[in-house]
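This is what each chain is made of:
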Protein chains: 6
Amino acid sequence: MALTFCCLTFAVDPASLQDFCVADKFACLLIAVKLNGFACKNPAWVQANDFSFSGLHNPGNTGNPFGSAITPVTVAQIPALNTLGISLVRIDYAPWGVVVPHYHPRATEIITVIEGSLEVGFVTSNPDNRLISKTLQKGDVFVFPVGLVHFQRNVGHMNAVTISGLNSQNPGVITIGNAVFGSKPDISTDILAKAFQVDKNIVQQIQGKF
Amino acid sequence: MALTFCCLTFAVDPASLQDFCVADKFACLLIAVKLNGFACKNPAWVQANDFSFSGLHNPGNTGNPFGSAITPVTVAQIPALNTLGISLVRIDYAPWGVVVPHYHPRATEIITVIEGSLEVGFVTSNPDNRLISKTLQKGDVFVFPVGLVHFQRNVGHMNAVTISGLNSQNPGVITIGNAVFGSKPDISTDILAKAFQVDKNIVQQIQGKF
Amino acid sequence: MALTFCCLTFAVDPASLQDFCVADKFACLLIAVKLNGFACKNPAWVQANDFSFSGLHNPGNTGNPFGSAITPVTVAQIPALNTLGISLVRIDYAPWGVVVPHYHPRATEIITVIEGSLEVGFVTSNPDNRLISKTLQKGDVFVFPVGLVHFQRNVGHMNAVTISGLNSQNPGVITIGNAVFGSKPDISTDILAKAFQVDKNIVQQIQGKF
Amino acid sequence: MALTFCCLTFAVDPASLQDFCVADKFACLLIAVKLNGFACKNPAWVQANDFSFSGLHNPGNTGNPFGSAITPVTVAQIPALNTLGISLVRIDYAPWGVVVPHYHPRATEIITVIEGSLEVGFVTSNPDNRLISKTLQKGDVFVFPVGLVHFQRNVGHMNAVTISGLNSQNPGVITIGNAVFGSKPDISTDILAKAFQVDKNIVQQIQGKF
Amino acid sequence: MALTFCCLTFAVDPASLQDFCVADKFACLLIAVKLNGFACKNPAWVQANDFSFSGLHNPGNTGNPFGSAITPVTVAQIPALNTLGISLVRIDYAPWGVVVPHYHPRATEIITVIEGSLEVGFVTSNPDNRLISKTLQKGDVFVFPVGLVHFQRNVGHMNAVTISGLNSQNPGVITIGNAVFGSKPDISTDILAKAFQVDKNIVQQIQGKF
Amino acid sequence: MALTFCCLTFAVDPASLQDFCVADKFACLLIAVKLNGFACKNPAWVQANDFSFSGLHNPGNTGNPFGSAITPVTVAQIPALNTLGISLVRIDYAPWGVVVPHYHPRATEIITVIEGSLEVGFVTSNPDNRLISKTLQKGDVFVFPVGLVHFQRNVGHMNAVTISGLNSQNPGVITIGNAVFGSKPDISTDILAKAFQVDKNIVQQIQGKF
């Protein structure tokens, strides 16, 4: 009988129990129960490729309604990131392309502009809800604190490219539109009508788009 | 010359450096620079009142558009919660009152119904955006995982009351409507129109309400 | 051959590796080796019931020598609390009922009085061993810092009820009497006689009660 | 007007913000408000002596009712331990000397016998309250898990000596006898009589000794 | 009398006590005692510039013996990184330029090649001391686990550029050559001769270079 | 078919999910996939021996080129150290014996001299690379902060003995010589020649010794 599993513990802080714990993807294929992270590959079988990923220089496809494309490099792409608490992401923006308001529940993001000009911003928590925003040029760096709603918009007529570091192996993404108007099943129209102080038919209209 | 300050370090985990570190509110009144938390009151001057708060049995005023009222008991109310990583909150709900979609960036919430019936739910992160919801009766307990968008709605014709524990001395609240449509200044109409896939005039109409 | 397991990693802080990791109790039934926590249930199989518990409005049975009854809501009752670092507890007190001196090695407790009047207190560590105590009325809130010995006593002629939040999925309870005089096997009479500065026969008399 | 302060943040995990943060004791002498730990001495003024302590080879004075003496080396003795999360302690035991039941709320203890023979033990939490004990000889090592009640007793006719490592800069000590029967002011006799299932006069007799 | 200070606590994990704690550099100018991190700027005075840095597109000056140049973006460059646990670094490499063996005591590094070809590698701890290395091309990503010795070398005839994310606001750098042969004062020749199993005059020759 | 596994999560901080989690070495013998730590032995089968180790009073064999011998007591020797975050080590030094420059990526070390006289020191990070050193006598205690390169040398004509506490169940050791000149395979001669500013033939000569 074949039975294996996919077990892991995670290290939010850098003091893990060994040099590294490369995620064992083969074990995961056979897994019967899901686990919080991944099993460690036998260190003797670890190879340099477990620590690497190729293709971050390739533009993503921005041919979508938002005009943006995300290329993540998390533990899903590099198994050695397991337990190490960091990831990268490349984002491509068509002219006026947008990364719509979202937040990462498990990571702060530090973003740098490789090409183009971007308007970026984040909003502080209640009760201030202050928007802190800035237009970034090539070579500029900006910080989105963990858990705060933020967005990026290409404000130039050229394509734009950014690279970000995030301090989690799996930062998570919660896009406000998807979470609020696109959940499966829908949140009650009544609740959203109160939340956004609009008529229910506008809520239903927005829900219909998601 | 009077000069004092308000300094603190926080303990996310329970291994702090002493038994407790009661926030020194008097020091804070005189503070020149803001700090991450609060200074510790001299342990010799600490009193039982520093560890307590009164009035959580009093109903909040639900006479507002949402029909709900929040009574928090965080480090702002009990200085001894400083460094201890927990807080309580009482919520009152008028009939059909709602706590609109929001999240806590720094805490999981465990809620129990003291009186009434509530529909509660939260939405998972991308890409699933699954709504996990349930109607709770008196004595039911439910969990909202840290960082996920959630809501509560009184589904009865009576007032309802809940008490929640949250694992942070200052959980933070980000109400989706406020953060997205009510920020100061506003997020560009264009970005929100793309985010919610609606016309800009609807965005402006919603922004006008906040 | 049937073989499965029960694996988990815990999150003292809220930055876990996914939205949640619901404890897989079925896996635990078949487990051969014990683990530090629980495996995660496949997220696709998770249901709202995994996040809930019913019956916290029911009084516990205080018909015992202490006149108190504990109803915990930890990861043992709500599998979704796994990795989320919080729990609740309801306590019922008969008139003059007592929760005898004990401590929680892994959690601070924030308690609120739902009904009745209680004397509560905790003792600081060496060398001060200061008792910080207060009589609480309905609606009062009090904090017992992690790891400190504390107690509660109903000081009214009516039943009393409290609800507490604790910042661990499994706070642990160490009752001083049980640990010191009721261990299995007994601690040497000689050691306890020195510890409490009494005759050995008094130690043996107390040990006999446990 | 001279005014300075004594501020610090602590590092439970090893990822502090610099190589070290030597506690600035001079600042502490002038401090007006108490803080959670200590300020960092200017790194340029740090000296090797800030990282050292002398005299751990000297026997402590065991001429006391317990026949034992504790010589701690914590952040109080070595300012550089500030933020580094470890300490040492030497204990001397006269023949049949005892370190009475106590626990450390913030540290696990690993103990080794330098000279002599000791009975050591700890008790697990509710509901098992199992005593795990062993007689140690010279060169033996034993572990007391964080937060559990433990004790040591010299079981030979010679002096004994142990050295322990504890994983906190300030582990804290809660001696059961002191906390329960020796608090200032006393815990109500009635509560302790119920806790230990003895007559109130026995409780008062024990309290009188502390 | 003017007196202020520069106090902070840091957040290795994302559960800080507020949305952010921008380092207050002005306070630091006046500081009398050094602290573990930085004070928080008053949130009302925070501006978008506190979250940003410009110039990461500018090549560093590689006209030095190593043929490489480091441009860090840590809390020293962006005060808002204070407590947020992440930083970026750009590195320029002249043809055959090298970043010599070094390690970061407080961060894992995830590196991506913006231009050029690089040989990179790291060495595992005792007893294996295995070199895990790979030649990276433009768009490749690689991971150096926290605390392990690693290096990069431009293996092309063109300039090379990399950008890295590191999961600390202040990762720290320990260059092996500097720490071992360039310390002030020198480590005893005798110790280094044993450490590297060479004659003392070779040790002295190397020390003379640093 | 026999299949079991060896699963664990680690506790950098002391708030684990139960009293202890003794490493299950039997499970590890049968393990198919490696894990980040160890499974917990069934608490009912735990014995005092799982918490103990014997023989730390025995001198190690210093008959080697360095004239020193390390006797570690980590989770490999005491399975109960699993999740508890501490370990001990005894070191023996022949006259003029040396523990060559090394560092622990996961632990601060606090060392005390049981017998003899030692020169000890550590080097701070870039850019200062300051050597902080001291000659220790019997009974002296010294601290090596986590991640910094340090060394010890017997400066007397007698054997010396030290005992250290380290705040990790598995501190890890990276010996500079082994990591830089003794890796398998070798680091390129060219890189090391630049790193140490010496001719390649000297690098090759040193590499030949490892």
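Residues numbered from 1 in each chain as written. Chains lettered and ligands numbered in written order. Predicted model: local features only at pLDDT ≥ 70, side-chain atom pairs only at ≥ 80, totals over all residues. Heavy atoms only, no water.

- Within an unreviewed UniProt entry, the label attached to chain A reads Germin-like protein, and the organism entered is Linum tenue.
- UniProt, in the comment section headed Subcellular location (unreviewed entry), describes chain A in these words: "Secreted, Extracellular space, Apoplast".
- The Sequence similarities (unreviewed entry) comment attached to chain A in UniProt states, word for word, "Belongs to the germin family." (UniProt positions renumbered as here; feature names shortened; annotations may be inferred.)

**A look at the pairing of strand β5 (residues 109-115) of chain B**
Residues and elements named next belong to chain B.
Piece 1. Of all seven residues in β5, five are buried, a share of seventy percent or more.
Piece 2. As paired elements, β5 and strand β8 (residues 141-144) share four bridges and run antiparallel to each other. Within the sheet, the bridge partner assigned to I111 lies in β8 and is F142.
Piece 3. In this sheet, strand β10 (residues 160-166) lies alongside β5 in antiparallel orientation, the contact comprising six bridges. Pairing of E109 across the sheet is with L166, part of β10. (Buried < 20%, exposed > 50% of the residue type's maximum accessible area, 1.4 Å probe, protein only. Helix = DSSP H or I, 4+ residues; strand = E, 2+ residues; numbered from the N terminus. Pairing = 2+ DSSP bridges.)

**Re the relation of the copies chain C and chain B**
Piece 1. If you rotate chain C by 180° and push it 0.0 Å along the axis, it lands on chain B with an RMSD of 0.0 Å. Here the copies are linked by what is in effect a two-fold axis. (Least-squares fit on C-alpha atoms with pLDDT ≥ 70 in both.)

**Side note on the UniProt feature "binding site: oxalate" (unreviewed entry) in chain A**
All names here are of chain A.
Piece 1. UniProt marks H104 and E109 with the feature "binding site: oxalate" (unreviewed entry), using the numbering shown here.
Piece 2. Within the secondary structure, H104 sits in the loop between β4 (98-103) and β5 (109-115).
Piece 3. Not counting the four nearest positions on each side in its chain, H104 is found in contact with E109, V146, G147, H150, L166, P171, G172 and V173.
Piece 4. Here E109 lies in strand β5.
Piece 5. For E109, the contacting residues outside a window of four places in its chain are H104, F142, V143, F144, H150, Q152, S164, G165 and L166.
Piece 6. At 3.2 Å, the side chain of E109 forms a polar contact with the side chain of H150. (Contact = heavy atoms within 4.5 Å. Polar contact = N/O pair within 3.5 Å; in protein donor to acceptor, adjacent residues only side chain to side chain.)

**Looking at the interface of chain C and chain B**
Piece 1. The interface is formed by 51 residues belonging to chain C together with 51 residues belonging to chain B.
Piece 2. Contact between chain C and chain B buries roughly 4100 Å² in total, counting both sides, with carbon and sulfur atoms accounting for 69%.
Piece 3. Along the contact surface separating chain C from chain B lie zero salt bridges.
Piece 4. At the junction of chain C with chain B, the criterion picks out 22 residue pairs in polar contact (both at pLDDT 80 or more).
Piece 5. Counting residues per element, the ones that place at least two in the side of chain C that touches chain B are β1 (52-53), β3 (87-93), β5 (109-115), β7 (131-136), β8 (141-144) and β10 (160-166) of chain C.
Piece 6. By residue class, the composition of the side of chain C that touches chain B is 28 nonpolar, 16 polar and seven charged. (Buried area = accessible area lost by both parts, 1.4 Å probe. Salt bridge = Lys/Arg side-chain N within 4 Å of Asp/Glu carboxyl O. Nonpolar A, V, L, I, M, F, W, Y, C, P; charged D, E, K, R; others polar.)

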